[in-house]
Amino acid sequence: FFFKQKTAYEIAQRLVGSEMCIRDRYMGIKKMRTLSWLVNLIISSVCEFISLFLYYSHDEMDRGIIDSVDVTNKVTSYTPWEIYCQIALTLMVVLQGSYIIAILNIPCLIYNLRLLILKKYRVYALFSKDYTDRKINSKASLIKSVFYGCMMVFSLLKFLSSFTNAVLYNALGTTFAWLNLPQQINNYIFS
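The structure contained in this document is the topic of the report that follows. Just so we're clear, the structure is a prediction, and the values are computed from it rather than from any experiment. Per-chain numbering applies: the sequence of each chain, read as written, is numbered from 1 onward. A pLDDT threshold of at least 70 governs which residues receive local features in this predicted model, and a stricter bar of 80 or more applies before side-chain atom pairs are shown or counted, although totals over entire chains, interfaces and linings include all residues. The side-chain figures draw on all heavy atoms in the structure; neither hydrogens nor water molecules are used.

### Describing helix 3 (residues 68-96)
Each helix corresponds to a stretch of at least 4 residues labelled H or I by DSSP, and each strand to a stretch of at least 2 residues labelled E; elements are numbered beginning at the N terminus. Helix span is expected to be 1.5 Å times the residue number reduced by one. The end-to-end C-alpha distance of helix 3 is 41 Å, a good match for the 42 Å that 29 residues give at a rise of 1.5 Å each. Along helix 3, the helix axis deviates most sharply at Y78, where the bend reaches about 30°; the proline P80 sits within four residues downstream. G97 lies just past helix 3 and shows a positive phi near 85°. In this scheme, the bend at a residue equals the angle between the axes fitted to the seven residues that finish there and the seven that begin there.

Right under this line is the structure:
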């Protein structure tokens, strides 16, 4: 980026041959980890947006701004996309090896999979009195919004940590160990 990448000889004059390759491979892993946390951040942001959108749609219906037909159409249209993004988010977290976050993801994933399999997200109502699940769906949207917000903040912190370490490694040939503390805790628990 803004720094000249140091060669293996500049980092340590004793590095030769395969050791240089190991350093370059480590940099590739850092870049992939940074990219994967960026993807997590994007996916969790999409989930957050959809969940908040559905929550505010229910709120607008309760205040009489929009009718129940519009809300049920939005719920039926956008809920599957939220579920697919949440599945992708969970898979990404598992592939990254953040098992604590994956375990925290399980209740929301089970709830969303239940909605998807039983097709409970398909709601049709002409009048608000026909829309009997509106309070449940509104609360679920709010709870999921809080969850996705936490995932978004965690993904942002992990992305910034990973990005900072990649830049530091690229510029100085070293990283800050404290930036990898969540990963070290995760490795300690699950090793």
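Next comes the rest of the description.
### A closer look at the pattern of salt bridges
Here a salt bridge means any side-chain nitrogen of Lys or Arg lying within 4 Å of a carboxyl oxygen belonging to Asp or Glu. For the structure on display, the rule yields 2 salt bridges. A salt bridge links E82 to K144; the shortest N-O distance between them is 3.1 Å. With E82 in helix 3 and K144 in helix 5 (residues 134-172), this residue pair connects regions lying 62 residues apart in the sequence. Throughout, exposure labels follow a simple rule: accessible area from a 1.4 Å probe, protein chains only, divided by the maximum for the residue type, with under 20% read as buried, over 50% as exposed, and the rest as partly exposed. Note on K144: relative accessible area 7%, which makes it buried.

### Some points on unusual backbone geometry
For K119, which is not glycine, the phi dihedral falls at a positive 55°. In this structure, K119 sits in the loop between helix 4 (99-118) and helix 5. A relative accessible area of 43% places K119 in the partly exposed class.

### Let's talk about the nonpolar core
A general feature of soluble globular proteins is that nonpolar side chains tend to end up buried together. In this structure, I43, C47, C85, L89, V93, I101, A102, C108, F147, Y148 and M151 together form the largest nonpolar core, which totals 11 residues. Those elements that provide at least two residues to this core are helix 2 (18-62), helix 3, helix 4 and helix 5. Two residues qualify as a contact provided that any one of their heavy atoms is within 4.5 Å of a heavy atom in the partner residue. Sequence-distant contacts of I101, defined by excluding residues within four places in its chain, comprise V93, M151 and F154. Buried residues of nine kinds, namely Ala, Val, Leu, Ile, Met, Phe, Trp, Tyr and Cys, make up a nonpolar core once their side-chain atoms join them within 4.5 Å.

### Examining a nonpolar patch on the surface
A contiguous nonpolar patch, built from M32, L35 and V39 and spanning about 270 Å² of accessible area, is present on the exposed surface. Mapped onto the elements, L35 comes out in helix 2. Patch building starts from residues that exceed 30% relative accessible area and form no salt bridge, then joins like charges within 9 Å and nonpolar side chains (Val, Leu, Ile, Met, Phe, Trp, Tyr) within 5 Å. Methods summary: accessible areas were calculated by the Shrake-Rupley approach with a probe of 1.4 Å, and residue burial reflects only the protein chains presented.

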